[in-house]
Amino acid sequence: MRIADGEQRMVDVTGGTVWAVRLGPSEGTPVLILHGGPGAASYYMEPLAERLSEHRPAIVYDQLGCGRSEQPDDTSLWTVDRSVEELDQVREAFGLNRCHLLGQSWGGWLAIEYMSRGPAGIERLVLASTSASIPQFMAEAGKLIDALPEPHRTVLIELGAKGEYDHPDYQAAVAEFYRRHLCRSEPWPEALVRSADQMDGNQVYLTMNGPTEFDVIGLLREWDRTADLGRITVPTLVTCGRYDEITPACSETITAGIPNARMHVFESSAHIAHLEEGEEYAALVEEFLSG
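Definitions and cut-offs
- Counting restarts for each chain: residues are numbered from 1 in the order of the written sequence.
- It should be noted that, the model being predicted, local features are given only for residues of pLDDT at least 70 and side-chain atom pairs only at 80 or more, the latter also being counted only at that level, while totals for whole chains, interfaces and linings use all residues.
- The basis for the side-chain values is all heavy atoms of the structure; hydrogens and waters are excluded.
- Secondary structure is summarised from DSSP: a helix means a run of H or I of at least four residues, a strand means a run of E of at least two, and numbering begins at the N terminus for each.
- With the radius of gyration taken over C-alpha atoms, the globule rule is written as 2.2 Å times the number of residues to the power 0.38.
- Remark: exposure states derive from per-residue accessible area (1.4 Å probe, protein chains only) relative to the maximum for the residue type, with buried under 20%, exposed over 50%, and partly exposed in between.
- Here, residues are in contact when the closest pair of their heavy atoms is within 4.5 Å.
- Put simply, buried Ala, Val, Leu, Ile, Met, Phe, Trp, Tyr and Cys residues joined by side-chain atoms within 4.5 Å make one nonpolar core.
- The rule for pairing is simple: two strands pair if DSSP sees at least two bridges between them.
- To obtain an axis, a line is fitted to C-alpha atoms, over the contacting stretch when the element is a helix, and the angle between two such axes runs from 0 to 180 degrees between their N-to-C directions.
- Think of the arc as the fan of directions from the helix axis to the C-beta atoms.
- The aromatic pairing rule takes the rings of Phe, Tyr and Trp, using the six-membered ring of Trp, and pairs them if the centres are within 6.5 Å, calling planes under 30 degrees apart stacked, those over 60 edge-to-face and the rest tilted.

1. Describing the overall build of the protein chain
From N to C terminus, the protein chain includes eleven helices and eight strands. Computed over C-alpha atoms, the radius of gyration of the protein chain comes to 18 Å, within 12% of the 19 Å expected from 2.2 N^0.38 for 291 residues, which places it in the range of a compact globule. Once the C-alpha set of the protein chain is aligned to its principal axes, its extents read approximately 55 × 40 × 35 Å. For the protein chain, buried positions account for 58% of its 291 residues. Counting contacts in the protein chain only where the partners sit at least 6 residues apart, residues at least 24 apart contribute 73% of the total.

2. Quick notes on the nonpolar core
Judged by nonpolar contacts, the single largest core of 93 residues is most densely connected at Leu32, Leu101, Phe214 and Leu220. In terms of residues, this core owes the most to one element, helix α3 (residues 106-116), which gives seven residues. If we ignore the near neighbours within four places in the chain, the residues touching Leu220 are Pro38, Val80, Trp106, Trp109, Ile134 and Met208.

3. As for the sheet that holds strand β8 (residues 261-266)
Paired through backbone hydrogen bonds, the strands of a sheet run either parallel or antiparallel to each other. Taken together, the eight strands give an open sheet; going across it, the order is β1-β2-β4-β3-β5-β6-β7-β8, and neighbouring strands pair in mixed fashion. On the outer flanks of this sheet lie β1 (7-13) and β8, each paired with one strand and no other. For this sheet, the mean angle separating the axes of adjacent strands, direction not counted, is 20°. Direction of pairing for β1 relative to strand β2 (residues 16-23): antiparallel, over a ladder of seven bridges. Within the sheet, the bridge partner assigned to Arg9 lies in β2 and is Ala20.

4. Comments concerning helix α7 (residues 190-197)
For α7, the complete set of buried residues consists of Ala191, Leu192 and Ser195. All buried residues of α7 fall inside an arc of 95° around its axis, so they share one side. What points out from α7, more than 90 degrees from its buried face, is the exposed set Glu190 and Asp197.

5. Let's talk about the packing of aromatic side chains
In total, this model carries seven aromatic pairs according to the counting rule given. On the numbers, 6.5 Å between centres and 70° between planes, the contact of Tyr178 with Phe214 is edge-to-face. Taken as a pair, Tyr178 in helix α6 (residues 168-181) and Phe214 in the loop between α8 (203-208) and β7 (236-241) lie far apart in primary sequence, 36 residues in all. The exposure classification of Tyr178 matches that of Phe214, with both residues buried. Relative to Tyr281, the ring of Phe266 lies with its centre 5.0 Å away and its plane at 35°, an arrangement referred to as tilted. Linking Phe266 in strand β8 with Tyr281 in helix α11 (residues 278-289), this pair joins segments that are 15 residues apart in sequence. Since its relative accessible area comes to 3%, Phe266 is described here as buried.

See the structure below:
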């Protein structure tokens, strides 16, 4: 089912209202999809939601502060705790007493945080291109930067240390990093471009994350739930791309920490495997959700 044909609604959450849509049949265990960023909006997750909705209900929403949701000018709203509360409020609005949960990138961090708090009613979990620890992600991203060709490597290290994120040379080096480790499709899929375009100057992203994917200097910089992974007891599928900016090592840490987890690496993908290898990705997830 296409997004335009789904059941769209605005949901009241802490701090404002968020846009959400339910796709697919009325039968089957629904899957609730959490986008990344933070602040990326769900445009780039819509192709996956549409594919999964061929088999089951699929719900996707733009988290507060981005996309089609309300965008309040209030940095105090951009916290992990409020995001967890928002997730529960979306579940309640759609009557998702029982559902699966899929989180990609920041959506995976949110899903790990949520699941470590012991919520009821989540049957299966998909953690896509994410990590259990920002410090580990940052260390792994540092290795990817070290492997970049010159002058990009030196530019990212030296200008990044000076905070000169708007320098044209720095922006060129970021583009090279993204070409290798964010999305390897050329050109980028339209859905990803829509999410990326609306992130320019996004307050949620700048407050929680930072100026780039690998400059996490915001409120999330010390987030680490590695020690709490054992609290997640539901069957879990962990996915990543071979060239992912959140590297396979991060997925291995998650898989080792969750008792009932398995991992799959998409060999031709970077950070957006659900778009870079879309059909294969959706088939794997649906097979897992079907048990």
